[in-house]
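Each chain is listed here by its residues.
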Amino acid sequence: MPLKVLDATPSTFSDVFDKFRSEAPNNKANLILFLADIDPSTSLSWCPDCVRAEPVIYKKLEASSDDVALLRAYVGDRPTWRNPQHPWRVDSKFKLKGVPTLIRWENDSVKGRLEDYEAHLGHKIDALVAGK
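Source: prediction; values computed, not measured. Sequence order sets the numbering: in each chain, residues are counted from 1 along the sequence as written. This being a predicted model, a pLDDT of at least 70 is required before a residue's local features are given, and a value of 80 or more before pairs of side-chain atoms are given or counted; all residues contribute to the totals for chains, interfaces and linings. Side-chain descriptors were evaluated using all non-hydrogen atoms of the structure, hydrogens and water having been removed beforehand.

Draft legend 1. Quick peek at the nonpolar core. Of all hydrophobic cores here, the largest spans 40 residues; its most connected members are Ile32, Phe34, Ile57, Leu71, Phe94, Val99 and Leu102. Helical segments are the DSSP runs of H or I of at least four residues, strand segments are the runs of E of at least two, and each set is numbered from the N terminus. Elements with a minimum of two residues in this core: strand 1 (3–8), helix 1 (13–23), strand 2 (29–35), helix 2 (48–62), strand 5 (68–74), strand 6 (101–106) and helix 5 (122–130). Residue contacts are defined here by distance: any two heavy atoms, one from each residue, within 4.5 Å place the two residues in contact. When near neighbours in sequence (up to four residues on either side) are disregarded, Leu71 contacts Leu6, Asp7, Ala8, Phe13, Val16, Phe17, Phe20, Leu31, Ile32 and Leu33. To form a nonpolar core, buried Ala, Val, Leu, Ile, Met, Phe, Trp, Tyr and Cys residues must be joined to one another through side-chain atoms within 4.5 Å. Each residue gets one of three labels from its accessible area relative to the maximum for its type: buried under 20%, exposed over 50%, partly exposed in between, using a 1.4 Å probe on protein chains only.

Draft legend 2. Examining the packing of aromatic side chains more closely. Aromatic pairs are defined between Phe, Tyr and Trp rings, using the six-membered ring for Trp, whenever the two ring centres lie within 6.5 Å; interplanar angles under 30 degrees are classed as stacked, those over 60 as edge-to-face, and all others as tilted. Taken as a whole, this structure holds 10 aromatic pairs when the rule is applied. Centre to centre, the rings of Phe13 and Phe17 are 5.0 Å apart; their planes meet at 15 degrees, and the pair counts as stacked. With Phe13 and Phe17 both in helix 1 and four residues apart, this pair spans about one turn of that helix. With a relative accessible area of 7%, Phe13 lands in the buried category. Residue classification places Phe17 among the buried residues on the basis of a relative accessible area of 5%. A ring pair is formed by Phe13 and Phe94, whose centres lie 5.8 Å apart and whose planes are at 85 degrees; its orientation type is edge-to-face. Taken as a pair, Phe13 in helix 1 and Phe94 in the loop between helix 4 (87–90) and strand 6 lie far apart in primary sequence, 81 residues in all. Aromatic ring contacts, followed pair by pair, group Phe13, Phe17, Phe20, Phe34, Trp88, Phe94 and Trp105 into a single cluster.

Below, the structure is given as structure tokens:
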């Protein structure tokens, strides 16, 4: 089954998240990946943990035989993310501390998460997708 990907930024998140939530019942797993923006000078994320985790996450999700939706939420450039008042740092639903953070969204709430230090671990990604 195809991996369905939606992309959002802090300014577009509300509308994209509404769409993600409305389609959630159609999927076996619904995940939100909070990650750093791409640095235009290098064409890579400014976040080394994101560079390490993203390929592993995408490989695992693309290999799934189930319908999986992934909302990629780009936090912004480094100075934007470092602001303690960043909207996703202070959001009571997400309470982000670092990027990348991979969240399982189920029944309109967070049902599991992998923080920046573990988001690259394949067995943990598999368990999160499976809802374990």
